[in-house]
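# Notes for the structure review
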Amino acid sequence: MMKTPQRRVTLQDVANHAGVSRATASLIVRNSPKVAEKTREKVLKSMKELGYVYDRVAANLRSQSSTTIGTIITDVGNTFFAQFLLGVHQELEKYGYTVLLGTTFDSLQDQERLISTMLENRVGGILLCPVSSSSIETVERIKQLDIPIVLGIRELPDLACDYVGLDYQAGAYTAVKYLLEKKKHKRVAFIGGISDSSTWQERMNGYQKAHEEAGIPIDKSLILDSEPTREGGLLAVEKIMKHPEPPTAIFCFSDLIAFGAIIGLRKMGYQPGEDIDIVGFDNIPEAEISYPPLTTISSFAQVTGTKAANLLHQRIREPVRERQRIIIKPQLIKRESS
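One structure accompanies this document, and this report is about it. Each chain carries its own residue numbering, running from 1 in the written order of its sequence. Predicted model: local features are reported for residues with pLDDT of at least 70 only, side-chain atom pairs are reported and counted for 80 or more only, and whole-chain, interface and lining totals are derived from all residues. Neither water nor hydrogens contribute to the side-chain values; these are computed over all heavy atoms in the structure.

## Focus on the sheet that holds strand 5 (residues 162–166)
In this description, strands pair whenever DSSP reports at least two bridges between them. Only runs of H or I of at least four residues qualify as helices and only runs of E of at least two qualify as strands under DSSP, and these elements are numbered from the N terminus. Strand order in the open sheet made by the six strands is 2-1-3-4-5-11, with parallel pairing throughout. The open sheet has two free edges, formed respectively by strand 2 (98–103) and strand 11 (325–328), since each of these has just one partner strand. Strand-to-strand twist in this sheet, taken as the mean axis angle between neighbours without regard to direction, amounts to 15 degrees. Bridge count for strand 5 against strand 11 is four bridges, and the pairing is parallel. Bridged to glycine 165 within strand 11 is isoleucine 327. The angle between two axes is taken between their N-to-C directions and runs from 0 to 180 degrees, where each axis is a line fitted to C-alpha atoms and a helix contributes only its stretch in contact.

Below, the structure written as structure tokens:
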């Protein structure tokens, strides 16, 4: 005998079971702060006992809006992005949003696929950290999206939309000026990062500016890009230290590059912080506990995530508001690696 399909538990069933109105139960599934904690616990208990599952897509269709936000980053394994996401999640949860996360691993194809996936899931907005190879086609596609979008970390110059990021040029300038003027180095290498990206070019501008002000010519053979990973840093430093006139200090695209460089230097018999100075970029949590503790530029990843999420929330509420561009000021954190 065929078993009769079990009826789906409704929100009204939950409200009746908990002894509250359907409106109150609705506020709780939408994470509204307007409900007393005791009532919230009672309704959540009823949901669990009845096996209630919130149909978010149907709710979005009814309200013609979505409480889901699509967040696309380049590398979930990078601690910098973990800190960025922490800021995003904490801020969006305050407003009752749910975050749908996608990772591109800096692949343009994956970025296009994830944007399509976000749209298919009817997200209410997208927070995008673009891949380094984002092209004019990427810009044009985003322009055509009838959806609120905020860029974080990396800006697309031809795209006039909200953006939150660091002053990367100022950060690199501060780091390299410190090595040239305070530490009296004459040969400072710049290693790591993908040279096609805007964030690399902005760092390069700061590197050049510091050299110009110090009156020290740049040796282009001391500039070497690489994949933005520990392995990329290790390979880059092994190559740069084989130079006939190796650098006496190294400015790294990121802390991950710096960690790889430190490993590479030790393998070659150098003592980082004594034989050669190292400065990173980002100030991820590991920088403080690395050996030696890493001198670095703080890029305030969690603050950036918080501000980007808040900006997207504002854009969702006011779609025609004036475009905002928030640039965070970097800070040099001095430790034992230089």
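Moving on from the model shown.
## Concerning helix 2 (residues 22–29)
The α-helix winds at 3.6 residues per turn, so residues separated by three or four positions along the chain end up facing the same way. Relative accessibility decides the category of a residue: with a 1.4 Å probe and only protein chains considered, values under 20% of the type maximum give buried, values over 50% give exposed, and everything between is partly exposed. Listing the buried residues of helix 2 in full gives Ala25, Ser26, Ile28 and Val29. Along the axis of helix 2, the buried residues cluster in a sector spanning 160 degrees; they form a single face. Here, the arc refers to the directions that run from the helix axis to the C-beta atoms.

## Considerations on the layout of surface pockets
The method works on a 1 Å grid over the protein atoms by themselves. A cavity is a set of points holding a 1.4 Å probe that cannot get out, a pocket is an open set with protein on both sides within 12 Å along at least five of seven lines, and residues with an atom within 4 Å of a point line them. Grid points are joined across faces, edges and corners, and a volume is the space filled by probe spheres set on the points. Quantified by volume, the second largest pocket comes out at close to 440 Å³. For the second largest pocket, the lining is made up of 25 residues, of which Thr74, Asn78, Phe81, Arg154 and Pro228 are closest to its centre. Breaking the lining of the second largest pocket down by element, the ones donating at least two residues are helix 5 (79–94) and helix 9 (198–214). The nonpolar class holds Ala, Val, Leu, Ile, Met, Phe, Trp, Tyr, Cys and Pro. Asp, Glu, Lys and Arg form the charged class, and all remaining residues, Gly among them, are polar. Here the residues of the lining of the second largest pocket are counted per class, giving ten nonpolar, nine polar and six charged.

## As for the packing of aromatic side chains
What counts as a ring pair is set by centres within 6.5 Å for rings of Phe, Tyr and Trp (its six-membered ring), and what kind of pair is set by the plane angle: stacked under 30 degrees, edge-to-face over 60, tilted for all other angles. Enumeration over the complete set of coordinates arrives at six aromatic pairs. Both rings, one in phenylalanine 190 and one in tryptophan 200, keep their centres 5.3 Å apart while their planes meet at 15 degrees; by these two values the pair is stacked. In this pair, phenylalanine 190 sits in strand 6 (residues 188–191) while tryptophan 200 sits in helix 9, placing the two residues ten residues apart along the sequence. As far as the burial class goes, phenylalanine 190 and tryptophan 200 line up, both buried. With a centroid separation of 5.6 Å and 35 degrees between ring planes, the pair formed by phenylalanine 190 and tyrosine 207 is classed as tilted. Here phenylalanine 190 is found in strand 6, whereas its partner tyrosine 207 is found in helix 9, with 17 residues between them in sequence. Exposure remark for phenylalanine 190: the relative accessible area of 1% places this residue in the buried category. The exposure class assigned to tyrosine 207 is buried, which follows from its relative accessible area of 1%. Ring pairs connect the aromatic residues Tyr168, Phe190, Trp200, Tyr207, Phe251 and Phe281, which therefore count as one cluster. Across the ring face of phenylalanine 253, the terminal group of arginine 203 is positioned such that the distance to the ring centre comes to 3.9 Å. Remark: a charge is flagged as sitting over a ring if the NZ atom of Lys or the CZ atom of Arg is within 6 Å of the ring centre and within 35 degrees of the ring normal.

## Description of a nonpolar patch on the surface
Taken together, Val76, Leu101 and Phe105 make up a surface patch of nonpolar side chains, about 290 Å² in accessible area. Here valine 76 is to be found in the loop between strand 1 (68–73) and helix 5. The partly exposed category is assigned to valine 76, whose relative accessible area is 42%. A patch consists of residues exposed above 30% relative accessible area that lack any salt bridge, with like charges linked at up to 9 Å and nonpolar side chains (Val, Leu, Ile, Met, Phe, Trp, Tyr) linked at up to 5 Å. Computed by Shrake-Rupley with a 1.4 Å probe, the accessible areas treat only the displayed protein chains as cover when residues are assessed. Whenever Lys or Arg places a side-chain nitrogen within 4 Å of a carboxyl oxygen from Asp or Glu, that contact is recorded as a salt bridge.

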